[in-house]
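# Results of the structural survey
Below, each chain spelled out in residue letters.
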Amino acid sequence: MAKGFFISKAVGIVCIVAAVGAVATIIALSVVYSQEKAKNNDSNLQPTKPPPVTKPPGPTTAKPSNELWDKYRLPSNLVPNHYNVTLRPRLTPDASGKYIFTGESSVEFHCAEATNLILIHSHKLTYSPVSNGLLARLTAVNNGDTVPGIESVWLQNETQYLVVQLKGDLTKGNYYILETIFEGELADDLGGFYRSEYTENGVKKVIATTQMEATDARKAFPCFDEPEMKATFDITLIHDLGTVALSNGKEIETTEDTMGDVKVLKTKFERTERMSTYLLAFIVSEFDFIQDNSDDVLIRIFARKPAIAAGQGEYALNKTGPMLKFFEEYYNYSYPLPKSDQVGLPDFPFGAMENWGLITYRETALLYDEEYSSNSDKERIATVIAHELAHMWFSNLVTMRWWNDLWLNEGFATYGEYLGAHQAEPTWNIKDLIVLNDVHRVFAVDALASSHPLSSKEEDIQKPAQINELFDTITYSKGASIVRMMSDFLTEDVFEQGFQTYLKAFAFQNTVYTDLWTHLQMAVDATGTALPQSVNNIMNTWVLQMGFPVVTINTATGDVSQKHFLLDPESVVTTPSPYNYEWIVPMRWMKTGAVQALTWLETKSASIPAMKVTGNDWVLANIDVAGYYRVNYDQANWDKLLNALNTNHEVIPVINRAQLVDDAFNLARAKIIQTVQALETTTYLNNETAYMPWASAINNLDYFYLMFDRSEVYGPMQDYLRKQVTPLFNYYKDLTGNWADVPTGHMDQYNEVNAISLACRTDLQECQELTTTWFRDWMNTGVNKIHPNLRSTMYCNAIATGGAAEWEFAWDKFKNTSIAAEVDKLRIALACTKQAWLLNRYLEYALNPNMIRKQDAMSTIVYIANNVIGQSLAWDFVRARWSYIFSQYGSESNSFPNLINGVTERFSTEFELQQLKQFKADNAEVGFGSGTLALDQSIERTVANIKWIAENKNNVLNWFIAESKS
Ligand code: BES
Ligand code: ZN
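Cut-off values and rules
- Residues numbered from 1 in each chain as written.
- Chains lettered and ligands numbered in written order.
- Predicted model: local features only at pLDDT ≥ 70, side-chain atom pairs only at ≥ 80, totals over all residues.
- Heavy atoms only, no water.
- UniProt positions renumbered as here; feature names shortened; annotations may be inferred.
- Helix = DSSP H or I, 4+ residues; strand = E, 2+ residues; numbered from the N terminus.
- Polar contact = N/O pair within 3.5 Å; in protein donor to acceptor, adjacent residues only side chain to side chain.
- Contact = heavy atoms within 4.5 Å.
- 1 Å grid on protein atoms, 1.4 Å probe; cavity = no way out; pocket = protein on both sides within 12 Å on 5 of 7 lines; lining within 4 Å.
- Points joined across faces, edges and corners; volume = space filled by probe spheres on them.
- Nonpolar A, V, L, I, M, F, W, Y, C, P; charged D, E, K, R; others polar.
- Disulfide = S-S within 2.5 Å.
- Buried < 20%, exposed > 50% of the residue type's maximum accessible area, 1.4 Å probe, protein only.
- Donors = N, O, S within 2.8 Å, 3.2 Å for Na, K, Ca; no water.
- Pairing = 2+ DSSP bridges.
- Axes fitted to C-alpha atoms, helices over the stretch in contact; angles between N-to-C directions.

An unreviewed UniProt entry lists the protein chain under the name Aminopeptidase, with Amphiprion ocellaris given as the organism. Regarding the protein chain, the UniProt comment filed under Subunit (unreviewed entry) reads as follows: "Homodimer."

Pasting the structure below:
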């Protein structure tokens, strides 16, 4: 997901997956049994007419015990070994205007247990007869072996199977081959084999590409579509002259052929390694590429021709080789393929996908343009590449046995983002950012009673929708946080040794998470590392129960205790925990600036005499937030920490300065400390120039803006924050020679943006003049001199203070730019205007696909709602148009939770609560689709906000008044 976008990356992932799933369900209902389309049964993959599919025995005649096809999981009696797949995507529509692909596949499988039923995944494919009018042909690998005849073949829609009922049993131990000929739609649904479009020099171009994970390989060809069903694949793609075909293996040869009277190209690819189906990829495009060799590995970057010509692939090309080498050393395992292709696609459902040997990206996650990309865009590219390359080992080489252990894939890859990006850009200090981007991000959702454990039970994850739901913040960010915590308490060396033997032992195979514990334990035992309990005991407390603890340290007594941290202390936890919500907590801590030995809290409470301090000494725990927990102290220790911040903040490590702010604000939300005490952690900021504490404060103060920017608290709050940010603004003004230079440090570049954003937000006159002048200069001269780092904030603020002229100018640029990074910056900034009529018109544009791409519609409405002036306009708009929005954007219902949360985020009055309830009642018949849960949560949140304001408003107002004057 693009940085700065309003949704979290994992929420975004889940939502998009849900959308694709929703489309899939709708289409599935209509396609399979009505096979009226032309098909073929020859090897040229040309359409002819098929016979009807043989129907399965009706539910009343079939014995329930035999209905294996009603179960979502494959039986284990047949194991695939090798596939031969030929696919031919059509990049021009057929007579009915539909884009299709045709294919032939044969799969060789082993019979592990006798059975008379072959179940193989197939979704939205239609089949043609192979021989004797049958939709599949079965042969034996060994000539002498007998083969049972086929009784019937049918499609089982709900569970997405092609079912082949045999007249007799397959023989245990024998190998068979199943052949099929099929056709599918090359739809623009971003799943399976799909279509992406763009224009180049006014000409429409069509790409055929794939996204298989989690369960869409079955949409491209019939396959045993579960991660444990690893096999090798021989792929051939048939494609038009002038196009390039890519797949996981390297191209062996491209030959010209004639089909009917059409000349085509046939590209064959090298056999793949043993791999899971979700990692397959096929692409046919007119893309160009650049290439390099890193040792024996060929590295290529593919993208639209103009993007390659403009050099936008160079950054990725330069960074990939060294990163790949870094991971080879880190994992102590050579990259096993001869090539690594990376492709930037104009339409892509996620940020990127780790297909083995053919990684796919959305353009903004791969293509870098010096002139248009900010440092944040660059960081995004470095981290996404690192994430996907890390997957080449954790996911591709060693794969989870079933999706319930998805966090092994995504947690390690998310942790790997920081290591790989650090390797690529060692001056960035990027490893620290995991605390803001992942630990803080996931703390927010893992502190809710509705959270869930990192590890799910295998039996609870069956349907595709259940699998897709797992791609969430918990899996990604808690996974990464827990991996980082392990690397810290085991020490990096022991940790590396553990996963290195794990990777070696399970290469090309599958694992469950306890296999990793076993290997880490082996490393612990081999090195004699001291741990209070086994790796298994320690780690299971973090992966098998949801949430995390708040550790309370009483420095007067040395008593330390832990408690499940809940953002709403009144919420009721109904999820049982095998450990009663107690964790085995590794504590790194310091006493008055001096780092102490690692200390463990293994029970609900304990006496740790070393943590008892007197006089001016203080305790600071969870150094660098290496541990996945929050910390609270006795009042005297809090006071000493605040004093340290205000007098000599550098004695507290920078990550912990950010943490003290985040812990304090969250402890206050949970009513463990007073809200004004949390605000006290921001008083030292007028002496702070580091990015992380500022980012942490701004994140937390955002809630105050939402609650108070329409009330009398707003003025004093603005006065206080303006006072706090002015020194930072001046600091950057000096550092950059009056905004002419770019600060050297990556974090400094980020904090420069914070300084400008907050200074303008708090109406610092000089800031507004600055942004207006730069923007006006662009309007007058036609030359944009604003550095890419500053564009988002400068555009937004100039449009906020400006009028129609600024807005129209930005709109014109938005419509006429083809660089994705720039287009997004403009679209977001257009929502910043304070002119109600412009906002209302922009709302109308959002629902007009000629103005705003359909995929961006919902997020544009949310950006408008983020604006205090746009809030009520967006809410009225959504209420008035709900049934239209629901019918038009229901299929992209991925965005409904974000839409509903976005337009109701500020709600904090009884009146708004009534409106929300009324909205729910009025539209009960239309429904809310994937936004149903979000609507209920919004009602709950509004109730909580009303309470919070009642309890805090006066104190907060008085505090801001006093502090803005002091
Ligand atoms: N394996 C995922 C892509 C994916 C996500 C497939 C959801 C199916 C469902 C990929 O490795 C990934 O995690 N991509 C991230 C980017 C990453 C840098 C966090 C994404 O797309 O947001
Ligand atoms: Zn991933």
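### Description of the side chain of threonine 272
Mapped onto the fold, threonine 272 is located in the loop between strand S14 (262–269) and strand S15 (282–285). Polar contacts involving the side chain of threonine 272 include one to the main-chain amide nitrogen of phenylalanine 233, which spans 2.9 Å. With sequence-adjacent residues up to four places away left out, threonine 272 is seen in contact with Ala231, Thr232, Phe233 and Asn248.

### A few points about empty space enclosed by the protein
Using the criterion set out here, one finds 5 cavities of 30 Å³ or more in the structure. Approximately 100 Å³ is the volume found for the largest cavity. If you trace the largest cavity, you find 13 residues lining it, with Gln312, Leu367, Ile819, Ala820 and Ala821 closest to the centre. The residue makeup of the lining of the largest cavity, split by class, is 6 nonpolar, 3 polar and 4 charged. If you go around the second largest cavity, the residues you meet are Leu620, Ala621, Asn622, Tyr629, Val631, Tyr633, Trp638, Asn656, Gln659, Leu660 and Asp663. Of all the secondary structure elements, the ones that give two or more residues to the lining of the second largest cavity are strand S30 (619–621), strand S31 (630–633) and helix H13 (654–669).

### Regarding the state of the cysteines
With the rule as written, the count across this model stands at 2 disulfides. One disulfide bridge connects cysteine 760 with cysteine 767, the sulfur atoms lying 2.1 Å from each other. Disulfide cysteine 760-cysteine 767: the torsion about the S-S bond is -95 degrees, which places it as left-handed. The exposure class assigned to cysteine 760 is buried, which follows from its relative accessible area of 3%. With its sulfur 2.1 Å from that of its partner, cysteine 796 forms a disulfide with cysteine 832. In this structure, the disulfide formed by cysteine 796 and cysteine 832 twists by about -100 degrees around the S-S bond and is classed as left-handed. On the criterion of sequence distance, the pair formed by cysteine 796 in helix H19 (residues 788–801) and cysteine 832 in the loop between helix H21 (820–829) and helix H22 (836–846) is long-range, its members being 36 residues apart. Owing to a relative accessible area of 12%, cysteine 832 belongs among the buried residues under this scheme. In the protein chain, the cysteines engaged in disulfides, taken in order along the sequence, are linked 1-2, 3-4. Unpaired in this structure, cysteine 111 has its nearest cysteine sulfur neighbour in cysteine 223, at a distance of 19 Å. What makes cysteine 223 buried here is its relative accessible area of 0%.

### A short note on the coordination of the zinc ion (ligand 2)
Bound to the zinc ion (ligand 2) are the protein donor atoms His387 (NE2), His391 (NE2) and Glu410 (OE), situated 1.9 to 2.1 Å from the metal. All donors of the zinc ion (ligand 2) belong to a single chain; written as a sequence motif, their spacing is H-x3-H-x18-E. Placement of histidine 391 in helix H4 (residues 375–391) and of glutamate 410 in helix H5 (residues 406–424) is noted, with a sequence separation of 19 residues between them.

### Notes on helix H11 (residues 535–543)
The element H11 is extensively covered by neighbouring structure, given that 7 of its 9 residues are classed as buried. Close packing links the buried residues of H11 with H5, helix H8 (473–490), helix H10 (513–527), strand S23 (549–554), strand S25 (585–587) and strand S28 (599–601).

### Description of the sheet that holds strand S24 (residues 559–564)
Two pairing modes exist for strands in a sheet, parallel and antiparallel, and in both the strands are linked by backbone hydrogen bonds. Spatially, S29-S24-S23-S31 is the arrangement adopted by the 4 strands of the open sheet, whose pairing is mixed. Only two strands of the sheet have a single partner each, and these edge strands are strand S29 (605–607) and S31. Averaged over all neighbouring strand pairs, the angle between strand axes comes to 20 degrees, with direction disregarded. Alignment of S24 against S29, held across 3 bridges, turns out to be antiparallel. Counterpart to valine 560 in the pairing with S29 is alanine 606. Strands S23 and S31 of the sheet are contacted by H13, whose axis makes an angle of about 75 degrees with S31.

### Thoughts on the UniProt feature "active site" (unreviewed entry) in the protein chain
Sites flagged by UniProt as "active site" (unreviewed entry) map to Glu388. Relative to the elements of secondary structure, glutamate 388 occurs in helix H4. Assessed through its relative accessible area of 4%, glutamate 388 is described here as buried. In this structure glutamate 388 touches Ala352, Met353, Glu354, Ile359 and Tyr361, once residues within four positions along its chain are discounted. A polar contact is formed between the side chain of glutamate 388 and the backbone nitrogen of glutamate 354, at a distance of 3.3 Å.

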